[in-house]
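A closer look at the structure
Each chain, letter by letter, is given below.
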Amino acid sequence: MTRASQSVFGFFILLALGSVGVAARHTAATHQSAPPSKVVPSQVTFNRDVAPIVFRNCAQCHHPGEVGPFPLLSYADVKSHGRQIAFVTSKRIMPPWLPEPGELKFADELRLSDAEIATIQAWVDQGEIEGNPADHPPPPVFTAGCSWANPT
């Protein structure tokens with residue numbers, strides 16, 4: 001991908017996130033919880049439940065030097081965007097995975113399950129609790145200068 005196409009792609013990501021942020025704030029008052037059919041732990045915490053989802057599906061773009069407009073590498077990072085993350089994941093805007101779900105599965109597919117989306121929503125609804133530090137998974141490690149690389 002050329003630098004110009006990365007810039008254009010980054011611009012559209014920022015535009016989409018800005019629009020989503022406005023929509024998330026607008027719809028926060030009318031928000032309804034995820035349907036009860038989703039299996040979610042009774043007490044959702046960042047360290048145990050949300051960090052593994054974010055590290056696996058979001059951090060590869062949301063870390064310094066990549067296209068995500070803000071990092072998602074710590075509790076503080078994710079908490080500061082909690083409602084926005086819940087909104088964009090519930091609408092399946094993020095992570096940006098274009099192929100429609102189907103019988104054929106892609107390697108390293110960036111699609112959140114209904115349970116993962118419900119977990120993020122429950123975490124936000126329950127007050128974005130950090131949880132036990134012992135439950136925090138190791139943060140992902142990225143190769144410098146290797147755009148769009150998977151964590152090592």
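Residues numbered from 1 in each chain as written. Predicted model: local features only at pLDDT ≥ 70, side-chain atom pairs only at ≥ 80, totals over all residues. Heavy atoms only, no water.

Turning to the environment of I53, a few remarks are in order. In this fold, I53 is placed in helix α2 (residues 46-57). Put simply, I53 and I117 are 64 residues apart on the chain and 9.2 Å apart in space, counted from C-alpha to C-alpha. Beyond its immediate chain neighbours, meaning those up to four positions away, I53 contacts C58, L112, E116, T119 and I120. (Helix = DSSP H or I, 4+ residues; strand = E, 2+ residues; numbered from the N terminus. Contact = heavy atoms within 4.5 Å.)

To continue, consider α2. Taken across its 12 residues, α2 has nine buried, putting it largely inside the fold. Those residues of α2 that fall on the buried side of the exposure criterion are F46, N47, D49, V50, A51, I53, V54, F55 and N57. Elements in contact with the buried residues of α2: α3 (75-79) and α5 (114-125). (Buried < 20%, exposed > 50% of the residue type's maximum accessible area, 1.4 Å probe, protein only.)

Another point: the environment of A76. Looking at where A76 falls in the secondary structure, it is placed in helix α3. The exposure class assigned to A76 is exposed, which follows from its relative accessible area of 52%. C-alpha separation for the pair A76 and E130, spaced 54 residues apart in sequence, amounts to 9.1 Å.

The step from M94 to P95 runs through a cis peptide bond, and the omega angle for that step is -10 degrees. Within the secondary structure, P95 is located in the loop between α4 (82-90) and α5. With a phi angle near 60 degrees, R92 is a residue other than glycine that sits in the positive phi range. The topology assignment puts R92 in the loop between α4 and α5. Relative accessible area serves as the criterion here: at 41%, R92 is assigned to the partly exposed category.

What follows concerns α4. Here α4 lies mainly inside the structure; seven of its nine residues are buried. Here α4 has its buried residues at G82, Q84, I85, A86, F87, V88 and T89. Within two residues after α4, R92 carries a phi angle of roughly 60 degrees, on the positive side.

Attention shifts here to the packing of aromatic side chains. Scanning all chains against the criterion turns up three aromatic pairs. Seen from their ring centres, F46 and W123 are 5.9 Å apart, and the 45 degrees between their planes marks the pair as tilted. One end of the pair, F46, is in helix α2; the other, W123, is in helix α5, and 77 residues separate them in sequence. Both residues of the pair, F46 and W123, count as buried. Chaining the aromatic ring pairs together yields one cluster made of F46, Y75 and W123. (Phe/Tyr/Trp six-rings, centres within 6.5 Å; stacked < 30°, edge-to-face > 60°.)

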